[in-house]
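Report on the structure
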Amino acid sequence: VKENKKAARTGLFASLVENKILTQDKADALQTYLNTQREQNRQETLQTAVATLVTDKTVTQAQADKIIVAVNAAQTAQKTTFDTAKTMTKEDEKTYLDDFRKTQVKPLASLVADGTITQAQADKVGPTSRGDRGQEGSKKPEGRMKKAEKKKKKIFVQTI
């Protein structure tokens, strides 16, 4: 399913160019614009989630700043890894990504390991930042997040 979505997105721009609706330069500019908007939305979501953690005194501002740096670094590493994987054959890509997933250190785990935050804080940061409500909450309609809220939180969750 992910491959179909990826192909549909890139296929859309290729199709627009092929059908002479957009020039390649305009298609590239549009794709760059959309990527920039996606990244800005991710940063806003991350900032909001971490600000909430400071407000409720789960973490200090200094810890929040380090969480943001760690999450952004993990996101950059992940993007670089996936960009590299795009240039590989399917078999090599699978092996490469499997190895990456096995060795990838999650940002919160690294912050606990270096003493920046405690495990108790990481336990609270993780579910809070993901909007988790626990098993009971997820079964109840009032415990579920709306689809748009889930999508907004997804960006932050992917790297934690």
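None of these values were measured; they are calculated from a predicted model. (Residues numbered from 1 in each chain as written. Predicted model: local features only at pLDDT ≥ 70, side-chain atom pairs only at ≥ 80, totals over all residues. Heavy atoms only, no water.)

Digging into the overall build of the chain
The test is simple: Secondary structure is summarised from DSSP: a helix means a run of H or I of at least four residues, a strand means a run of E of at least two, and numbering begins at the N terminus for each. Burial status follows relative accessibility: with a 1.4 Å probe on protein chains alone, a residue under 20% of its type maximum counts as buried, one over 50% as exposed, and anything between as partly exposed. The Shrake-Rupley method, run with a 1.4 Å probe sphere, supplies the accessible areas, and residue values consider only the shown protein chains as cover.
Looking only at helices and strands, the chain has eight helices and zero strands in total. Going from the N terminus to the C terminus, the chain shows its helices and strands as α-α-α-α-α-α-α-α. Among the 160 residues that make up the chain, the fraction classed as buried is 28%. Per element, the accessible surface of the chain, about 11200 Å² overall, is 56% carbon and sulfur.

Quick word on the nonpolar core
Defined as follows: Put simply, a nonpolar core is a bunch of buried Ala, Val, Leu, Ile, Met, Phe, Trp, Tyr and Cys residues held in one set by side-chain atoms that sit within 4.5 Å of each other. Throughout, a residue-residue contact means that at least one pair of heavy atoms, one from each residue, lies within 4.5 Å.
Judged by nonpolar contacts, the single largest core of 14 residues is most densely connected at Val50, Val59, Ile67, Leu108, Leu111 and Val125. For this core, the secondary structure elements donating two or more residues are helix H2 (24-55), helix H3 (61-85), helix H5 (107-113) and helix H6 (119-130). Here this core takes five residues from H3, the largest share from any one element. Setting aside chain neighbours within four positions, we find Ile67 in contact with Val50, Val59, Leu111 and Val125.

Comments concerning the pattern of salt bridges
Defined as follows: Any carboxyl oxygen of Asp or Glu that lies within 4 Å of a side-chain nitrogen of Lys or Arg is treated as forming a salt bridge with it.
Tallied over the full model, the rule gives five salt bridges. Here Asp83 and Lys79 are joined by a salt bridge, their closest N and O atoms 2.9 Å apart. With a gap of four residues between them, Asp83 and Lys79 both fall in helix H3, about one helical turn apart. On the basis of relative accessibility, which here comes to 30%, the residue Asp83 falls in the partly exposed class. Three or more residues are tied together by salt bridges with common partners; here these are Lys79, Asp83 and Lys86.

Some words on the packing of H2 against H3
Applied cut-off: Lines fitted to C-alpha atoms define the axes, with helix axes restricted to the stretch in contact, and inter-axis angles between N-to-C directions lie between 0 and 180 degrees. In these notes the angle categories are as follows: under 35 degrees is roughly parallel, over 145 is roughly antiparallel, 65 to 115 is roughly perpendicular, and the rest is oblique. Should the near helix be turned counterclockwise from the far one by less than a right angle, the crossing is left-handed, whereas a clockwise turn marks it as right-handed. Only Asp, Glu, Lys and Arg are considered charged, only Ala, Val, Leu, Ile, Met, Phe, Trp, Tyr, Cys and Pro nonpolar, and every remaining residue, Gly among them, polar.
Between H2 and H3, the shortest axis-to-axis distance is 10 Å and the interhelical angle comes to 150°. It follows that H2 is roughly antiparallel to H3 by the angle criterion. Note on packing geometry: the crossing formed by H2 with H3 is right-handed. Between H2, through Arg42, Gln43, Leu46, Gln47, Val50 and Val54, and H3, the contact on the second element is made entirely by Gln61, Ala64, Ile67, Ile68, Val71, Asn72 and Gln75. Across the contact of H2 with H3, the residue classes break down as seven nonpolar, five polar and one charged.

Digging into a nonpolar patch on the surface
Cut-off, in case you're wondering: Like-charged residues within 9 Å of one another, or nonpolar side chains (Val, Leu, Ile, Met, Phe, Trp, Tyr) within 5 Å, are grouped into patches, provided each residue has over 30% relative accessible area and no salt bridge.
A cluster of nonpolar side chains, contributed by Leu30, Tyr33 and Leu34, occupies part of the molecular surface with about 270 Å² of accessible area. Assignment of secondary structure puts Tyr33 in helix H2. With a relative accessible area of 47%, Tyr33 lands in the partly exposed category.

Describing the environment of Ala120
Turning to its location among the elements, Ala120 is positioned in helix H6. Separated by 62 residues in sequence, Ala120 and Thr58 place their C-alpha atoms 9.4 Å apart.

Some details on H3
Definition in use: The length a helix should cover is 1.5 Å for every residue beyond the first.
Taking 1.5 Å per residue, 25 residues should reach 36 Å; H3 reaches 36 Å between its end C-alpha atoms and fits that length. By the burial criterion, the buried members of H3 are Gln63, Ala64, Ile67, Ile68, Ala70, Val71, Asn72, Ala74, Gln75, Gln78, Thr81 and Ala85.

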